[in-house]
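This is what each chain is made of:
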Amino acid sequence: MQEYWELYMKNLEGKAALIQFNAGISLDLEDLSFTHQTVGYVKVKLKDANEKAFLSTAEEAEILFMEDKLEAAMLKFRIGKYVGRVISDGYVTFLYYLQFTYNWPDFLEFALNEHGSYEITNGHSHDPDWNYYKKLLYPTPKEWQIIQNHKVCDSLKEQGDSLQVERAIEHKVYFTNIESKERLREALEKEGFKIKEEIKNEDGVDGLDFYRLDKPFYHDMDEMTLGLIDMAELFNAQYDGWETSVVKSVIKQGL
């Protein structure tokens, strides 16, 4: 089973929420849904809560230690898999999918015996459809796009790019209905995009490769790509991401 984790922000019932989840589990969800049909949670009230859903520096080490103890207990008692956590509204909630629950109390005692100063609640319920994972932890297509945007922006920045210089940013869309291609082309051109070429993906699906001069800064790319997702859906297409070149800043020094 592959295991890799993603971290992103979302709005949860009107509150900012920081979500960390095991994205690799999604590849094995069909098999796991037959064996791990109960969702369990451990909800911890933070001592130093804030509206931005981040752990304070003072509390981060203790919460991460608690997370490690919970993970060790989950492995020790072999009752399930850790799938993610949510920090929101003054609480951090750890989520697990369980094979069985008869030793859930033993799991909790082993994991939390050093954390008596915290107000902690817990529980478990039947969830064979994995709704907590799919609907709470797992990102929507737009949230996924923001995750990918920030990864690309981070990569550009690590290579010395200030992200503030306009350059050609190239995008791709693929059609679910080719009859909408010309209408989407016209809509893109009205927004200042230029069509580079018609393309096909590895499955032979038709698409468009297009570009425009823009700054690849985090918030700019989020606004642009979310708009392109909506536009693509309107014309029976699917947005497939963006790429650009690195532009390094030149620092001029006086004599």
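Refer to the structure presented above.
To start, this report covers the structure provided alongside it. (Residues numbered from 1 in each chain as written. Predicted model: local features only at pLDDT ≥ 70, side-chain atom pairs only at ≥ 80, totals over all residues. Heavy atoms only, no water.)

**Structural notes on helix α3 (residues 104-112)**
Inclusion rule: Categorising residues by exposure relies on relative accessible area from a 1.4 Å probe, with only protein chains included: less than 20% of the type maximum marks a residue as buried, more than 50% marks it as exposed, and the intermediate range marks it as partly exposed. Put simply, DSSP marks the helices as runs of H or I at least four residues long and the strands as runs of E at least two long, and each gets a number from the N terminus on. The arc under discussion is defined with respect to the helix axis, by the directions toward the C-beta atoms. Only heavy atoms enter the contact rule, under which two residues are in contact if any of them lie within 4.5 Å.
Considered for burial, the residues of α3 that qualify are Trp104, Phe107, Leu108, Ala111 and Leu112. Angularly, the buried residues of α3 cover 100° about the axis, an arc narrow enough to put them on a single face. Looking at α3, the residues exposed on the side facing more than 90 degrees away from the buried face are Pro105 and Glu109. Contacts made by the buried residues of α3 are with β3 (38-45), α2 (57-77), β5 (91-98) and β6 (120-126).

**What about the sheet that holds strand β8 (residues 194-200)?**
Hydrogen bonds between backbone atoms are what pair the strands of a sheet, whose relative direction is either parallel or antiparallel. Heads up, the rule is: Only strands joined by at least two bridges in the DSSP assignment are considered to pair. Here the axes come from fitting lines to C-alpha atoms, over the contacting stretch only for helices, and the angles between their N-to-C directions go from 0 to 180 degrees.
Read from one edge to the other, the open sheet built from four strands follows the order β8-β9-β7-β10, with strand pairing classed as antiparallel. The open sheet has two edge strands with one neighbour each: β8 and β10 (237-244). Along the sheet, successive strands turn relative to each other by an average axial angle of 25°, direction set aside. In terms of strand pairing, strand β7 (residues 167-175) meets β10 through six bridges, oriented antiparallel.

**Side note on empty space enclosed by the protein**
Definition in use: With a 1 Å grid spanning the protein atoms alone, the term cavity applies to any set of points in which a 1.4 Å probe fits but cannot get out, the term pocket to an open set with protein on both sides within 12 Å along at least five of seven lines, and the term lining residue to any residue with an atom within 4 Å of a point. Grid points are joined across faces, edges and corners, and a volume is the space filled by probe spheres set on the points. The residue classification treats Ala, Val, Leu, Ile, Met, Phe, Trp, Tyr, Cys and Pro as nonpolar and Asp, Glu, Lys and Arg as charged. All others, Gly included, are polar.
Counting across every chain of the model gives one cavity of 30 Å³ or more. Space inside the largest cavity adds up to approximately 30 Å³. Surrounding the largest cavity, Leu46, Ala49, Asn50, Ala53, Phe54, Ile87, Ser88, Asp89, Gly90 and Tyr91 form its lining. Broken down by class, the residue content of the lining of the largest cavity amounts to six nonpolar, three polar and one charged.

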